[in-house]
Amino acid sequence: MLNWQLAMKWLHIVPASVALALLANACQSPAPLPKPQAPPELAQEVHKPPAPAAPVKTAKSKEMPQEVVSKAPIERTLPESLIAAPAKDLASRSIDYGTTLSSRAANSKLMNSWQYRRTRQGHIVGFEFSNHGGNQILTPRRDATKNQFFTRDFQFRFDDRARQDIHLMISDWVASRDRSFRLSELMHRLMHFFPRSYLPAIVNAGDNNIVTLPTGEEVRFDAVTKEIRGGVFTESPVDLSPDRTDRKYPTVSYQGQGVLVRADARGADPRLGTTATISAGTPPSGCDKPGGCRQCEVPSKELWEQAGAVRFKFQTDQEFDRYLTARCGFGLPRLGKEFAVTAP
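First things first, this report covers the structure right here in the doc. All of these numbers come straight from a predicted model, not from anything done at the bench. (Residues numbered from 1 in each chain as written. Predicted model: local features only at pLDDT ≥ 70, side-chain atom pairs only at ≥ 80, totals over all residues. Heavy atoms only, no water.)

A closer look at the pattern of salt bridges
Pairing between side chains becomes possible if they bear opposite charge and their charged atoms approach one another.
Next up, step 1: Going through the model one piece at a time under the given rule, you end up with 23 salt bridges.
Next up, step 2: The partner of Asp-172 in a salt bridge is Arg-152, with the nearest N and O atoms 2.8 Å apart. Of the two residues, Asp-172 is situated in strand 5 (residues 167-173) and Arg-152 in strand 4 (residues 151-157); the sequence distance between them amounts to 20 residues. When sorted by exposure, Asp-172 lands in the same class as Arg-152, which is buried.
Next up, step 3: Note that Arg-262 and Asp-264 form a salt bridge whose closest N and O atoms lie 3.6 Å from each other.
Next up, step 4: Among the residues examined, Arg-262 registers a relative accessible area of 27% and is labelled partly exposed.
Next up, step 5: Each member of the salt-bridge network shares a partner with another, and the members are Arg-157, Asp-159, Asp-165, Asp-269, Arg-271 and Arg-311. (Salt bridge = Lys/Arg side-chain N within 4 Å of Asp/Glu carboxyl O. Helix = DSSP H or I, 4+ residues; strand = E, 2+ residues; numbered from the N terminus. Buried < 20%, exposed > 50% of the residue type's maximum accessible area, 1.4 Å probe, protein only.)

Here's what the structure looks like:
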């Protein structure tokens, strides 16, 4: 049987769907588009009395009806759907083990579309969802009754609704050669997005769930399968190799205009004892540098505390911008004098 204290720690490192499945198994054994503008009115001759201008017809032209198409607004009534700035900069130095996970159905046809994390005070501090297979990204299906836990999990966290530690953890879980699923073989990718202008938000829009990133940029997920359908993320299929040493980390890439901090690890917290990659914007197509353009690698200990709650060290974007400029030779994107990429 799993040690209870170890299990509680994993509940806050790996996605809840993965951790809860392990516990059960062990006990048995972008910005809105502007509205189209109508064409300018025909100028009237000033030397004649004003009169309605008659349309000019030629053999090569036909009158076409003018239609103005407006984009229907998305209702953001759920608390995790509201777009808001961080409530503060500094997050607590300890993990709140009193948070609860609840399921949210986007509509009557989409059961358990995502889960949201809430504190005892009623504050939303995260949400998550999983691709359980049977699609182009993950061919085999998850079936807990058969001890098959194939998943690609997306876990957005913003503890204390603070700016300091907003992040996304993506985890791929695949069976090993003996068809067992082990925590030590979970493939993790951790991602931080800058500037941190907003708390992550999720909302349903018909067949899509739309996630707003801290930069204000958006990602569209299929509301049923949880495959990435558009926005500033791209993904490739989960690596199903039974050899854990050859298996690739989650192939989810950021194609936005902000700064990304990324760290990978197998069966462990990517923030501890690793090397992180920092990149600014989408890499230019003509880049010929071996390490990439506007990109640098740094030890994880420079970015995250290596004990306790393992928080990101830079509480404000101003602090991180100064570090970037000195360490990597580039800073955070700006719109005018403010750190910004876009406004949702």
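Structural notes on the environment of Glu-305
Next up, step 1: Along the chain, the position of Glu-305 falls in the loop between strand 15 (295-299) and helix 3 (317-327).
Next up, step 2: Considered as a pair, Glu-305 and Arg-93 are 212 residues apart in the sequence and their alpha carbons are 9.9 Å apart.
Next up, step 3: Those residues in contact with Glu-305, other than ones at most four positions away along the chain, are Leu-272, Val-310, Arg-311 and Lys-313. (Contact = heavy atoms within 4.5 Å.)

Re the sheet that holds strand 15
Next up, step 1: Read across the open sheet, the nine strands follow the order 1-2-3-4-5-6-13-14-15; overall the sheet is antiparallel. The sheet is open, and its two edges are formed by strand 1 (100-104) and strand 15, each paired on a single side. Neighbour to neighbour, the strand axes of the sheet diverge by 20 degrees on average, direction disregarded.
Next up, step 2: Across seven bridges, the pairing between strand 4 and strand 5 is antiparallel. Each bridged residue has a counterpart across the sheet, and for Phe-156 the counterpart in strand 5 is Leu-168. (Pairing = 2+ DSSP bridges. Axes fitted to C-alpha atoms, helices over the stretch in contact; angles between N-to-C directions.)

What to know about empty space enclosed by the protein
Next up, step 1: Within this model, the second largest cavity holds a volume of roughly 50 Å³.
Next up, step 2: The wall of the second largest cavity is formed by Pro-79, Glu-80, Leu-82, Ala-84, Ile-124, Phe-158, Arg-161, Leu-199 and Pro-200.
Next up, step 3: Residues that form the lining of the second largest cavity fall into these classes: seven nonpolar, no polar and two charged. (1 Å grid on protein atoms, 1.4 Å probe; cavity = no way out; pocket = protein on both sides within 12 Å on 5 of 7 lines; lining within 4 Å. Points joined across faces, edges and corners; volume = space filled by probe spheres on them. Nonpolar A, V, L, I, M, F, W, Y, C, P; charged D, E, K, R; others polar.)

Focus on helix 3
Next up, step 1: For helix 3, the complete set of buried residues consists of Asp-317, Phe-320, Asp-321, Tyr-323 and Leu-324. Along the axis of helix 3, the buried positions cluster into a sector of 165 degrees, meaning they face one direction only. In helix 3, the exposed residues that point more than 90 degrees away from the buried face are Arg-322 and Ala-326.
Next up, step 2: Considering only its buried residues, helix 3 is in contact with strand 6 (187-194), strand 13 (259-266), strand 14 (275-280), strand 15, strand 16 (334-335) and strand 17 (338-339).
Next up, step 3: In the segment just after helix 3, Gly-329 is the residue with positive phi, at about 85 degrees. (Arc of directions from axis to C-beta.)

A few points about the pairing of strand 7 (residues 201-205)
Next up, step 1: With four of five residues buried, strand 7 is to be regarded as a mostly interior element.
Next up, step 2: Bridge count for strand 7 against strand 8 (residues 208-212) is five bridges, and the pairing is antiparallel. The residue bridging Ile-202 from the neighbouring strand is Val-211, located in strand 8.
Next up, step 3: The loop that links strand 7 with its antiparallel partner strand 8 comprises two residues; one of these, Gly-206, has a positive phi angle of about 70 degrees.

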